[in-house]
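# Survey of secondary and tertiary structure
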Amino acid sequence: MTDTLTLSSVSKSFGGFRALDTVDFVARAGEVHALLGENGAGKSTLMNIACGLYAPDEGHVAIDGKTVRISGARDAAARGIGMVHQHFKLVPAFSVLENIMLFNPGRSPAEVAGKAQDLARQMGFEISLSDKAGTLGVAEQQRIEILKVLVAGARIIILDEPTAVLSPEEGRMLMGLVRKLAEAGSAVILVTHKLHEALHHSDRITVMRGGRKISETTPEGMDPASLTTLIVGEQIIEKPQLSKAVGPIEVELENVTLGGEAGRKGLVDVSFRVRRGEIYGVAGVSGNGQNELSAAIMGLSFPSSGRIGMNGLGDVSKRGPGYRRRHGLGCIPVDRYSHGLAGRISVTDNYAVNGAMAGAYGGWGFFKRGLAQAAAREAVAAYDVQGVRSLGQRAGLLSGGNAQKLVIAREFEGAPRVVLAHSPSRGLDVRAGAAVHERLRAARDRGAAVILISDDLDEIMLLSDRIGVLNSGRLTREFKAPAERGDIGAAMVSHE
Amino acid sequence: MSSTELTDTNHETVAVTPPATRLRMVPLLEVRQSVSERLRIGVYVVSLLVAAALSVALLAWSGVAPSDLGREIATTAFSSPRALGSVLVRTAPLVIAGLATAIAFRANFWNIGLEGQMILGAIFASAVAIYDIGPENGRVVTMALAACLGGMLWIAGPGLLKQRLGINEVITTLLLNYVAFNLLLHMVYGPWKDPVSAFPHTEQYETFERLPMLGWLNLNWALPLAVGLALILWWIMSFSRVGYLLDLMSSNARMAGAVGVPVAGLTVAAILGSGAVGGLTGFAISAGVEFRMTQDFFSGYLFSGVLIAFLGRNHPLGVVIVAFFMAVLLLVGQSLQVFFGVPFALVQLIQAIFITCVAASEFFLTYRMHWRQAA
Ligand SMILES: Nc1ncnc2c1ncn2[C@@H]1O[C@H](COP(=O)(O)OP(=O)(O)OP(=O)(O)O)[C@@H](O)[C@H]1O
Ligand SMILES: [Mg+2]
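Owing to the predicted nature of the structure, the values given are computational and were not obtained by experimental measurement. (Residues numbered from 1 in each chain as written. Chains lettered and ligands numbered in written order. Predicted model: local features only at pLDDT ≥ 70, side-chain atom pairs only at ≥ 80, totals over all residues. Heavy atoms only, no water.)

### Digging into the overall build of chain B
We apply this condition: The helix and strand labels rest on DSSP assignments: H or I over at least four residues marks a helix, E over at least two residues marks a strand, and numbering proceeds from the N terminus. The cut-offs for exposure are 20% and 50% of the maximum accessible area for each residue type, with area from a 1.4 Å probe on protein chains only; residues under the lower value are buried, those over the upper are exposed, and the others partly exposed. Contact criterion: two residues are considered in contact whenever any of their non-hydrogen atoms come within 4.5 Å of each other. A 1.4 Å probe and the Shrake-Rupley method give the accessible areas. Residues count as covered only by the protein chains that appear here.
A count of helical and extended segments in chain B gives 13 helices and 2 strands. Its C-alpha atoms put chain B at 85 × 60 × 35 Å along the principal axes. When the 375 residues of chain B are sorted by exposure, 50% land in the buried category. Nonlocal contacts in chain B, meaning residues at least 24 apart in sequence, comprise 76% of its contacts between residues at least 6 apart. For chain B, the accessible area works out to roughly 17,100 Å², and carbon and sulfur atoms hold 68% of it.

Here it is in structure tokens:
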């Protein structure tokens, strides 16, 4: 096999912080290469260097054995490198074809359309080039992103955590596609936190930790446990622990009905109750009403009928987020970059919003930054948010896991009595995911009612005391833990 | 994280293997992820210096030697207390105009309707003066408040349309300028035509309907009003919860809404505040400079307001500083026009040079350049 992409002794620092330390990395044509490592290990930074978004401080990049200097995504594309970033970069108002053209300037629409259709057919999926990108689901958007780089002639394809936002089924389909790309002669680099993807769908595995490459191996002879040890340096085993003391009803949904976004199902007559000291897991294939349920609980959209009761408050279904949060609701939203954090402002300012709204830093005429900063400093330490080199640093620069910890630190401040967590370990490494789970259990054990919405059945089984299944916008079944995995799975996909 | 991937058309494409014999330095552009405050200020200052140098060169080319220019600036603006006084008189309404614009911009509301709001402010203030509303010793305060109300009413429509229906405020605020202008013409050619001179402007305000003099230089209360307003807004934007929440909202409005920040309320407050201060600008000119409502007292302020807010980085104190230099530029421009015959368009060109330089300097905040020896 030939070494298609070679990164040799690459180092990169950000303002004194060494994010990459003399890393070597090789990707070969025809292989799927999994890149693993903890949050903040430097995976995205390394791949950003490979695709020309960052310039390395030291070391160099070679393609087919020739040293190159890549200057930006366009240049990378011209050299056959294409990267699909975790946050998609499609223009929502543009059609699929226009988005592909945007990445392939100087070519005729007919040529691009023909090529895109050909490639899509080869990869085994259908696309409609005239659809607006904004109307597509995440899985489709991702395929457009992949098509975009393929049309540009990419032979080295970098996918940064591509399955983090996909349902397990969509994830499996993507793995099939990735294999096809490799068989067609491309080098595919798969950045992931999901061990089974590395174990079952890759040819080689590179593991990074703390900005260094610590291992390069093949999946043969590895198992999840040994791979975990390689990634985080220790064994992490999570075991279910059921609730010890369940109290009175804290939150209650009664026949909640909510229209979905265009073409979505929304919620139909959803009812369930969650008591103090229990974790209520909402299982289901994503796209079956999870987003609507979470918006209804957060107060971002109001149900068209039905009620949402919070202990001592009566019906809150027509109250906004401010009211609910003042009275003890804490939320970990599914997309931390859209509803959880404001990336362009500082860690302190992101943390301080609850305190500010509650008047902890002065009345409306004041914002005592010193106090806010002290509170943020304490929270960052207590919740082990790493990578904060200064509290004035922009929150957008935190790696995925640490951004999530910051959200949790803010949401758990003031010990909320109702906690909503929507796919809280998405994009997190094993250790960070386990830490989040531990926080949820701790919240339950101090008496909070926890609602966990997740399309990861393992996560649901691991944490929940009771489980409801969301299917086509309805809560079709309820289970009491411990339940049979197969029964829940069947309820998730049944078409009654 | 960075959204520049598709839009970075500025990337230099570097050849894979340039001739190894020549030593060549090639720039490698990298998207910056964060920008330190020091760099930001440095780049800003350098861009201002570049703009100043270009302006001086441009004037030299049109026949104003740098030494003449220096003398002209010195005599127009700084030679005597009187000269400085007239600069400051000119500065006051510019500060208020810049603040009106900056308030809206901070809330991501692109208020291009300053002139309309000024006109309504002046109409409301003049109505108080003409119909003798309220006691004489508080008349000027009543006029100021009425002006704020007028500006607020004029911006309320676009604000409502934006908030409720998502209608672009650039269009609505801009078009309402013309409606306001025709309303003004109707008033000064019709019911409010000056009965004394029969010219198309209102009758002169009584002494107690004008901003009182400070008794220092030729200054009246417009300047303390402007500076006081800037200080209050500085506090609100930099040290209050309101300013903090506005920052949060402009960084990510969806997140702000989800954590319970009253996004709609704060946005409406900022929009109305901008309109009120816009109305006050009209009052400051009518009651502080012209002593009546004329038919073109507002002209040019829309552009100046945007320019001052932009160059002042929407910071109230920045607005004060930029407004001062703007006043100097306008007065020096007038005397250059008289003594050197340069066209007034040159003054506008100089303003444009400053805007262009500062806007272009963003490039250096977006990208980092690595100079490398080509392989
Ligand atoms: N532009 C930047 N400025 C400052 N620090 C940065 C920048 N980009 C990344 N970092 C830091 O570098 C480290 C590596 O980040 P990187 O995004 O490469 O991690 P990662 O391995 O992709 O993590 P994750 O799995 O969470 O995505 C982190 O500590 C991060 O905070
Ligand atoms: Mg990453």
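### Regarding the packing of helix H5 (residues 138-151) of chain A against helix H6 (residues 168-183) of chain A
Residues and elements named next belong to chain A. Condition: Comment: axis = line fitted to C-alpha atoms, over the contacting stretch for helices; angle = value between 0 and 180 degrees taken between N-to-C directions. With respect to orientation, any angle under 35 degrees is reported as roughly parallel, any angle over 145 as roughly antiparallel, any angle of 65 to 115 as roughly perpendicular, and every other angle as oblique. Crossing handedness: left-handed means the near helix sits turned counterclockwise from the far one by under a right angle, and right-handed means the same turn made clockwise. Residues are grouped as follows: Ala, Val, Leu, Ile, Met, Phe, Trp, Tyr, Cys and Pro are nonpolar; Asp, Glu, Lys and Arg are charged; every other residue, Gly included, is polar.
Where H5 contacts H6, the axes come no closer than 11 Å and their chain directions differ by 15°. As judged from the angle between their axes, H5 and H6 are roughly parallel. Regarding H5 and H6, the two cross each other, and that crossing is right-handed. Note on element contacts: H6 touches H5 through Glu-170, Met-173, Leu-174, Leu-177 and Leu-181, opposite Ala-139, Gln-142, Arg-143, Ile-146 and Leu-150. Broken down by class, the residue content of the contact of H5 with H6 amounts to 7 nonpolar, 1 polar and 2 charged.

### Quick look at the interface of chain A and chain B
Filter applied, for reference: For this document, the term salt bridge refers to a Lys or Arg side-chain nitrogen within 4 Å of an Asp or Glu carboxyl oxygen. Within 3.5 Å is the distance limit for a polar contact, defined as a pair of N or O atoms, with the added protein rule that one can donate a hydrogen and the other accept it, and that residues adjacent in sequence qualify only through two side-chain atoms.
Counting residues at the interface gives 56 residues for chain A, matched by 44 residues for chain B. Linking chain A with chain B are 0 salt bridges. Taken together, chain A and chain B are joined by 15 residue pairs in polar contact (both at pLDDT 80 or more).

### Quick word on the sheet that holds strand E6 (residues 81-84) of chain A
All names here are of chain A. Here is the rule: One requirement defines pairing of two strands: DSSP has to find at least two bridges between them.
Read across the sheet, 6 strands follow the order E6-E7-E8-E3-E9-E10 without closing on themselves; strand pairing throughout is mixed. Of all strands in the sheet, those with a lone pairing partner are E6 and strand E10 (212-217), marking the two edges. Ignoring which end each strand starts from, the neighbouring axes of this sheet average 20° apart. Examined bridge by bridge, E6 and strand E7 (residues 156-160) share 4 bridges and lie parallel to one another. Directly across from Gly-82, in E7, lies its bridge partner Ile-157. Across the sheet, H5 is in contact with E6 and E7; its angle to E6 comes to roughly 170°. This element, helix H8 (residues 224-232), spans strand E3 (32-37), strand E9 (204-209) and E10 of the sheet and lies at about 35° to E9.

### Overview of the site of ligand 1
Short version of the rule: The nearness test applies per residue and asks whether one of its heavy atoms lies within 4 Å of the molecule or strand.
Around ligand 1, the structure places 20 residues, and the nearest of them are Asn-39, Gly-40, Ser-44, Thr-45 and Arg-389 of chain A. Site remark: ligand 1 is flanked by residues from chains A and B. At a separation of 2.8 Å, an oxygen atom of ligand 1 approaches a polar side-chain atom of Asn-39 of chain A. Within the side chain of Ser-44 of chain A, one N or O atom sits 2.8 Å away from an oxygen atom of ligand 1.

### Thoughts on the confidence of the model for chain B
Residue and element names in this part refer to chain B. Threshold: The predictor attaches a confidence to each residue, called pLDDT, with possible values from 0 through 100.
Per-residue confidence for chain B averages 89 on the pLDDT scale, and 91% of its residues sit at or above 70. Here residues 1-21 is modelled with pLDDT under 50, and outside its nearest four sequence neighbours on either side it reaches 47 contacts, counting other chains as well. Two numbers describe this predicted complex: its pTM, 0.86, and its ipTM, 0.85.

### Things to note about the domain arrangement of chain A
Residues and elements named next belong to chain A. What counts here: Domain start and stop positions are those given by an automatic or database domain assignment.
The domain architecture assigned to chain A consists of domain 1 (3-232) and domain 2 (249-493). Taken over C-alpha atoms, the centre of domain 1 sits 30 Å from the centre of domain 2. At the interface, 15 residues of domain 1 touch 14 residues of domain 2. Summed over the shared surface of domain 1 and domain 2, the result is 1 salt bridge. With a shortest N-O distance of 2.5 Å, Glu-38 and Arg-431 are connected by a salt bridge. For the pair domain 1 and domain 2, the number of links is 7 residue pairs in polar contact (both at pLDDT 80 or more). Here the residues of the side of domain 1 that touches domain 2 are counted per class, giving 6 nonpolar, 7 polar and 2 charged.

### Structural notes on a nonpolar patch on the surface
Formally: Patch membership is restricted to residues that have no salt bridge and whose relative accessible area is over 30%. Joining uses 9 Å for like charges and 5 Å for the nonpolar side chains Val, Leu, Ile, Met, Phe, Trp and Tyr.
Taken together, Phe-366 of chain A together with Ile-232, Trp-235, Ile-236 and Phe-239 of chain B make up a surface patch of nonpolar side chains, about 450 Å² in accessible area. Along the chain, the position of Ile-236 of chain B falls in helix H7 (residues 222-239). For Ile-236 of chain B, a relative accessible area of 31% gives the class partly exposed.

### Topic: unusual backbone geometry
Residue and element names in this part refer to chain A. With an omega dihedral of -5°, the bond running from Ala-481 to Pro-482 counts as a cis peptide bond. Structurally, the position occupied by Pro-482 is in the loop between strand E20 (474-480) and helix H18 (485-493). You will see that Asn-255, though not glycine, has its phi angle at about 45°, which is positive. If you trace the backbone, Asn-255 turns up in strand E11 (residues 249-258). Accessibility expressed as a relative area gives 41% for Asn-255, which makes it partly exposed.

### A few points about the pairing of E3 of chain A
Residue and element names in this part refer to chain A. Most of E3 sits inside the fold, with 6 of its 6 residues counted as buried. Both E3 and strand E8 (residues 187-191) contribute to a ladder of 4 bridges, which runs parallel. Bridge pairing in E8 places Ala-34 opposite Leu-190. Bridge analysis of E3 against E9 gives 5 bridges, and the strand direction is parallel. For Gly-37, the partnering residue across the bridge sits in E9 and is Met-208.

### As for the sheet that holds strand E15 (residues 314-315) of chain A
Residue and element names in this part refer to chain A. If you trace the 4 strands from one edge of the open sheet to the other, you get E12-E11-E14-E15, paired in antiparallel fashion. For this open sheet the edge positions go to strand E12 (267-275) and E15, each flanked by a neighbour on one side alone. Bridge count between E11 and strand E14 (residues 305-310): 5 bridges; the pairing is antiparallel. From the neighbouring strand, Val-251 faces E14, where its bridge partner is Met-310.

### Comments concerning the environment of Ser-425 of chain A
All names here are of chain A. Within the fold, Ser-425 resides in the loop between strand E17 (418-422) and helix H16 (430-445). Note on Ser-425: relative accessible area 16%, which makes it buried. Ignoring any residue separated from it by four or fewer positions in sequence, one finds Ser-425 in contact with Gly-433, His-437 and Glu-459.

### Comments concerning the pattern of salt bridges
Residues and elements named next belong to chain A. Summed over the entire model, instances satisfying the criterion amount to 39 salt bridges over all chains. The residue Arg-307 makes a salt bridge to Glu-254 at a minimum N-O spacing of 3.3 Å. Here Arg-307 is found in strand E14, whereas its partner Glu-254 is found in strand E11, with 53 residues between them in sequence. In this structure, Arg-485 engages Asp-458 in a salt bridge whose closest nitrogen and oxygen atoms are separated by 2.4 Å. Taken together, the residues span a long stretch of sequence, with Arg-485 in helix H18 and Asp-458 in helix H17 (residues 457-463) at a distance of 27 residues. Taking relative accessible area as the criterion, Arg-485 reaches 42% and is therefore assigned partly exposed. Asp-458 gets classed as partly exposed once you look at its relative accessible area, which sits at 46%. Through salt bridges with shared partners, a single network forms among Glu-31, Arg-204, Lys-213 and Glu-216.

### Side note on the side chain of Asp-160 of chain A
Residue and element names in this part refer to chain A. Using the following cut-off: Within this scheme the basic residues Lys and Arg register as positive and the acidic residues Asp and Glu register as negative, but His and the chain ends are omitted.
Along the chain, the position of Asp-160 falls in strand E7. In this structure Asp-160 is buried but unpaired, with Lys-43 as the nearest side chain of opposite charge at 6.8 Å. Only 2.8 Å separates the side chain of Asp-160 from the side chain of Ser-44, close enough to count as a polar contact.

### What to know about the side chain of Thr-4 of chain A
All names here are of chain A. Topologically, Thr-4 is positioned in strand E1 (residues 3-14). At 3.0 Å, the side chain of Thr-4 forms a polar contact with the backbone nitrogen of Ala-29. Contacts of Thr-4, omitting those with residues within four sequence positions, involve Ala-27, Arg-28, Ala-29, Ala-62, Ile-63, Asp-64, Arg-155 and Ile-156.

### Some words on the nonpolar core
All names here are of chain B. We apply this condition: The criterion is simple. A nonpolar core is a set of buried Ala, Val, Leu, Ile, Met, Phe, Trp, Tyr and Cys residues joined through side-chain atoms within 4.5 Å.
Core analysis: the biggest nonpolar cluster contains 106 residues, and Leu-248, Val-261, Phe-283, Met-293 and Phe-297 have the highest contact counts within it. For this core, the leading source of residues is helix H3 (residues 81-106), giving 12 residues. When neighbours within four sequence positions are excluded, Phe-297 is seen to be in contact with Met-118, Ile-119, Ala-122, Leu-184, Gly-282, Ile-285, Ser-286 and Glu-290.

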